[in-house]
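This is what each chain is made of:
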Amino acid sequence: MSSIVPRHCLFCLEKTHTHTDLCHHCINKLNLNQPCCQRCASPLEQAAITSTKQEVMLCGNCLSHHFHYDRVYSPFTYSEEMRYLIKKMKYQKKIHFAHTLATLFVQKNHIIKDFQLPQAIIPMPMHSKRLRQRGFNQALELSRFFASHYTLPLDYTSLIRSRHTDLQAGMTAIERQKNVQKAFKMAAPLKYDHIALIDDVMTTGSTVNEAAKILKKIGIKKVDIWIIARAGLEN
Ligand SMILES: [Zn+2]
Ligand SMILES: [Zn+2]
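On a predicted model such as this, the values are computed, not experimentally measured, just so you know.

K.L.:
Can you help me understand the coordination of the zinc ion (ligand 1) in this one?
P.N.:
Six octahedrally arranged donors around a metal ideally form angles of 90 or 180 degrees; four tetrahedrally arranged donors ideally form angles of 109.5 degrees. Around the zinc ion (ligand 1), the protein contributes the donor atoms Cys-9 (SG), Cys-12 (SG), Cys-23 (SG) and Cys-26 (SG), which lie 2.3 to 2.4 Å from the metal centre. One way to put it: the four donor atoms around the zinc ion (ligand 1) meet at angles of 105 to 118°, and that makes the site tetrahedral. Counting along the primary sequence, the residues that act as donors to the zinc ion (ligand 1) give the motif C-x2-C-x10-C-x2-C. With Cys-9 in the loop between β1 (7-8) and β2 (15-16) and Cys-26 in helix α1 (residues 24-28), this pair connects stretches of sequence that are 17 residues apart.

K.L.:
I keep staring at the sheet that holds strand β11 (residues 229-230) and nothing clicks. Help me out?
P.N.:
Each strand in a sheet pairs with its neighbour through backbone hydrogen bonds, running either in the same direction (parallel) or in the opposite one (antiparallel). With parallel pairing, the three strands of this open sheet are ordered in space as β4-β11-β9. In this open sheet, the two strands that pair with only one neighbour each are β4 (76-77) and β9 (201-202). Relative to β11, β9 runs parallel, the two sharing two bridges. Opposite Met-202, over in β11, you have Arg-230 as the bridge partner.

K.L.:
I keep staring at the nonpolar core and nothing clicks. Help me out?
P.N.:
Across soluble globular proteins, nonpolar side chains have a tendency to be buried as a group. Counting 37 residues, the largest nonpolar core has Met-82, Phe-146 and Trp-226 as its most contacted members. Taken together, the elements giving at least two residues each to this core come down to α1, α3 (80-91), α4 (96-108), α6 (138-150) and β8 (194-198). Broken down by element, the residue count for this core peaks at seven residues, all from α4. In this structure, Leu-44, Met-124, Leu-159 and Ile-227 belong to the second largest nonpolar core, which totals 31 residues.

K.L.:
How should I be thinking about the coordination of the zinc ion (ligand 2) in this particular structure?
P.N.:
At 2.3 Å from the zinc ion (ligand 2) lie its protein donor atoms, namely Cys-37 (SG), Cys-40 (SG), Cys-59 (SG) and Cys-62 (SG). Coordination at the zinc ion (ligand 2) is tetrahedral, judged from the four donor atoms that bind it and the angles of 105 to 114° they form at the metal. Written as a sequence motif, the donor residues of the zinc ion (ligand 2) are C-x2-C-x18-C-x2-C. With Cys-40 in the loop between α1 and α2 (60-64) and Cys-59 in the loop between α1 and α2, the pair connects residues that are 19 residues apart, well separated along the chain. With respect to burial, Cys-40 and Cys-59 carry one shared label: buried.

K.L.:
What is the right way to read a nonpolar patch on the surface from this model?
P.N.:
A contiguous nonpolar surface patch, about 290 Å² in accessible area, is contributed by Val-56, Leu-58 and Leu-63. Structurally, Leu-58 is set in the loop between α1 and α2. In this structure Leu-58 comes out as partly exposed when scored by relative accessible area, which is 32%.

K.L.:
How should I be thinking about the environment of Glu-141 in this particular structure?
P.N.:
Tracing the backbone through its elements, the reader meets Glu-141 in helix α6. A C-alpha to C-alpha distance of 25 Å links Glu-141 and Lys-29, two positions 112 residues apart in sequence. Beyond its immediate sequence surroundings of up to four residues, Glu-141 is in contact with Ile-95, Ala-98 and Phe-136.

K.L.:
Sorry if this is basic, but what is going on with α6 here?
P.N.:
Helical geometry note: an α-helix holds 3.6 residues per turn, so side chains three or four residues apart project in the same direction. The end-to-end C-alpha distance of α6 is 18 Å, a good match for the 18 Å that 13 residues give at a rise of 1.5 Å each. Where α6 is buried, its residues touch α3, α4, β5 (120-123), α5 (128-134), β8 and β10 (222-226). Structurally, the start of α6 carries an N-cap: the backbone nitrogen of Ala-139 is 2.9 Å from a side-chain oxygen of Asn-137. Once α6 finishes, Thr-151 follows within two positions and takes phi at roughly 50°, a positive value.

K.L.:
Explain helix α8 (residues 206-217) here, please?
P.N.:
Compared with the 16 Å implied by 1.5 Å per residue over twelve residues, the 17 Å span of α8 between its first and last C-alpha is a close match. Among the twelve residues that make up α8, nine are buried, leaving the element largely enclosed by the rest of the structure. Here the buried face of α8 lies against β6 (159-161), α7 (173-179), β7 (184-186), β8, β9 and β10. Just past α8, the residue Gly-219 takes up positive phi, approximately 105°.

K.L.:
I tried to follow the pairing of β8 on my own but got confused; where do I start?
P.N.:
Each regular strand carries side chains that alternate between the two faces of the sheet. Counted residue by residue, β8 has five buried out of five residues, so it is predominantly covered. Covered by surrounding structure in β8 are His-194, Ala-196 and Ile-198 together with Ile-195 and Leu-197, the residues of both alternating faces. Where β5 and β8 come together, four bridges link them in parallel fashion. Counterpart to Pro-123 in the pairing with β8 is Ile-198. Judged from the five bridges that link them, β8 and β10 form a sheet pairing that is parallel. Following the sheet pairing, Ile-198 is matched in β10 by Trp-226.

About the criteria used
- Residues numbered from 1 in each chain as written.
- Chains lettered and ligands numbered in written order.
- Predicted model: local features only at pLDDT ≥ 70, side-chain atom pairs only at ≥ 80, totals over all residues.
- Heavy atoms only, no water.
- Donors = N, O, S within 2.8 Å, 3.2 Å for Na, K, Ca; no water.
- Tetrahedral: all angles 85-135°; square planar, octahedral: opposite > 155°, others 65-115°.
- Helix = DSSP H or I, 4+ residues; strand = E, 2+ residues; numbered from the N terminus.
- Pairing = 2+ DSSP bridges.
- Core = buried A, V, L, I, M, F, W, Y, C linked by side-chain atoms within 4.5 Å.
- Buried < 20%, exposed > 50% of the residue type's maximum accessible area, 1.4 Å probe, protein only.
- Patch = residues over 30% accessible without salt bridge, like charges linked within 9 Å, V, L, I, M, F, W, Y side chains within 5 Å.
- Areas by Shrake-Rupley, 256 points an atom, 1.4 Å probe, with all protein chains shown as cover.
- Salt bridge = Lys/Arg side-chain N within 4 Å of Asp/Glu carboxyl O.
- Contact = heavy atoms within 4.5 Å.
- Expected span 1.5 Å × (residues − 1).
- Polar contact = N/O pair within 3.5 Å; in protein donor to acceptor, adjacent residues only side chain to side chain.

Here it is as structure tokens:
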């Protein structure tokens, strides 16, 4: 019954009963990603939105480019607090933060317009070399929580990373695109029409786009991307 034992908030050290590492107050201070592009979830400036009609709001990038994924769901922006949580999880092996981050996603996903559940959850695969360095795949840890929470099948064996790629921090959008070319392949077919690919952060989207490309190629009709926080290249 660990859930009834109060924990202490990571940020303000107050006792918390939220089933996460943060208290209600600090959760409510996290930057929600709204308004955002209804395709790639890129944060939009309130001032840039001129339409008041119920039409789909898209960013300039989505208006001028074709992407293989259908829709990115991201309830948070990559604020300082999110960066802290995500970096601790990835680089200091705080795997339990994945539980906190996934809980925050399900608590705040009501801000996402037309949120639709897929037929299955697929974590962004990690190459075995990176897996040995890091010890775990954070996308798989997030996916385990989502699959259990939404009662959806979890498939982490069919889509695999066939090529080790360099870490992308500091790369331009073009460099990122080249870096991830042909980085994925299918180890087994998938018989779904609609899946969600899970990752922690998205910056330019070149990696998820490359993965979505191969999923579309094998006949999956709809590929959504679920991430915790949406970053820009400046992050
Ligand atoms: Zn707090
Ligand atoms: Zn967009």
